[in-house]
Amino acid sequence: MWTAILLSAAAMTAIVALRYLASSGIFALATNRRLPGYHAKLGKQIRSEIGWSLASAAIYGIPAGIVAWGWQERGWTRIYTESDAMPLWYLPLAPLLYLLLHDAWFYWTHRLMHRPRWFKAMHAVHHASRPPTAWAAMSFHPWEAITGAMVIPLLVFLVPIHVTMLGLVLLVMTVMGVTNHMGWEMFPRALVHSRLGGWLITASHHQRHHEEYRCNYGLYFRHWDRLCRTDKGLSERI
Ligand SMILES: [Zn+2]
Ligand SMILES: [Zn+2]
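All of these numbers come straight from a predicted model, not from anything done at the bench. (Residues numbered from 1 in each chain as written. Chains lettered and ligands numbered in written order. Predicted model: local features only at pLDDT ≥ 70, side-chain atom pairs only at ≥ 80, totals over all residues.)

The next thing to look at is the overall build of the protein chain. In terms of helices and strands, the protein chain carries ten helices and two strands. Listing every helix and strand of the protein chain by position from the N terminus yields α-α-β-α-α-α-α-β-α-α-α-α. Computed over the C-alpha atoms, the radius of gyration of the protein chain is 18 Å, within 12% of the 18 Å expected from 2.2 N^0.38 for a compact globule of 238 residues. When the backbone C-alpha atoms are referred to their principal axes, the protein chain occupies close to 50 × 40 × 40 Å. Classification of the 238 residues of the protein chain by burial places 33% in the buried group. Taking the intrachain contacts of the protein chain between residues at least 6 apart in sequence as the baseline, contacts between residues at least 24 apart amount to 70%. (Helix = DSSP H or I, 4+ residues; strand = E, 2+ residues; numbered from the N terminus. Rg over C-alpha atoms; globule rule 2.2 N^0.38 Å. Buried ≥ 20, exposed ≤ 12 C-beta atoms within 10 Å, placed from the backbone. Contact = placed C-beta atoms within 7 Å.)

The subject of this paragraph is the nonpolar core. If you look at the biggest cluster of nonpolar residues, it comprises 35 residues, and the most contacted ones within it are Y60, A134 and A137. Of all the secondary-structure elements, those providing two or more residues to this core are α1 (2-34), α2 (43-74), α3 (90-113), α5 (142-149), α6 (151-158) and α7 (163-179). Counting residues per element, this core draws most heavily on α2, at nine residues. With residues up to four places along the chain from it excluded, the contact list for A134 reads S24, F27, A28, T31, V178, H181 and M182. Grouped together as the second largest cluster of nonpolar side chains are five residues, Y107, Y217, L219 and Y220 included. (Core = buried A, V, L, I, M, F, W, Y, C linked by C-beta atoms within 7 Å.)

By secondary structure assignment, the location of I50 is in helix α2. When the 18 C-beta atoms within 10 Å are taken as the criterion, I50 is described as partly exposed. For the pair I50 and A137, spaced 87 residues apart in sequence, the C-alpha separation works out to 9.1 Å.

Next up on the list: helix α9 (residues 203-212). Among the ten residues in α9, seven count as buried, and that is most of the element. Listed in full, the buried residues belonging to α9 are A203, S204, H205, H206, Q207, R208 and H209. In this fold, the buried residues of α9 make contact with α7 and α8 (189-192). Of the residues flanking the end of α9, it is Y213, one or two places downstream, whose phi is positive at about 65 degrees.

Among the secondary structure elements, W71 is positioned in helix α2. As a C-alpha pair, W71 and F140 span 69 residues in sequence and 28 Å in three-dimensional space. In this view, W71 contacts W76, T77 and I79; residues no more than four positions away in its chain are not counted.

Sites flagged by UniProt as "domain: Fatty acid hydroxylase" (unreviewed entry) map to residues 96-230. The distance separating the terminal C-alpha atoms of residues 96-230 is 23 Å; by composition the span is 61% helix and 1% strand. (UniProt positions renumbered as here; feature names shortened; annotations may be inferred.)

Next up, the structure:
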């Protein structure tokens, strides 16, 4: 049993690491085309972003691997595979719930990590990326990585979700994590500056967090920032 758990944790770590290298690699290449020279002089920073991110891959992979083993072998979690296990209307609701809950957790832990004492110990690594690049997606100090790594493995025990919708949540998490740091906006202006765009976080919003530190703490949505008056709007540089 322990060997199987260990193998699952190792396999998941490898998957998370490869997912990071592939997704950040693709958007780093896109950045080279969109903003030629953006990565010039950032070689040392990028190497450190990749190092921290690969360490984070293990921190994310181990709990995910243990839960995946328990799901397969012991029937843990509320992940379901039969399409009729829950009403059809619940199918798209689950990923929205996951994103909203993850966003709330991220907003409040992120704000805490900006308190001076916690900042140094947990969050300074992430802000050492100046400016951030696509490789900074998982560039976290291990303490910060732990706070992020437990969210989905805990939520799958609490909130039912179809396995494909869980895949969608992970896809959104990966793509937004990378693109919010790459230094340019990939979404059309018409969306970013629309009413709907005013509630969503994309690169233009998170870039401002990296510019000014004490604002724009959210992950996917802007309602917490707006409610708590920490929303300073979009970066004017990208
Ligand atoms: Zn960031
Ligand atoms: Zn921050």
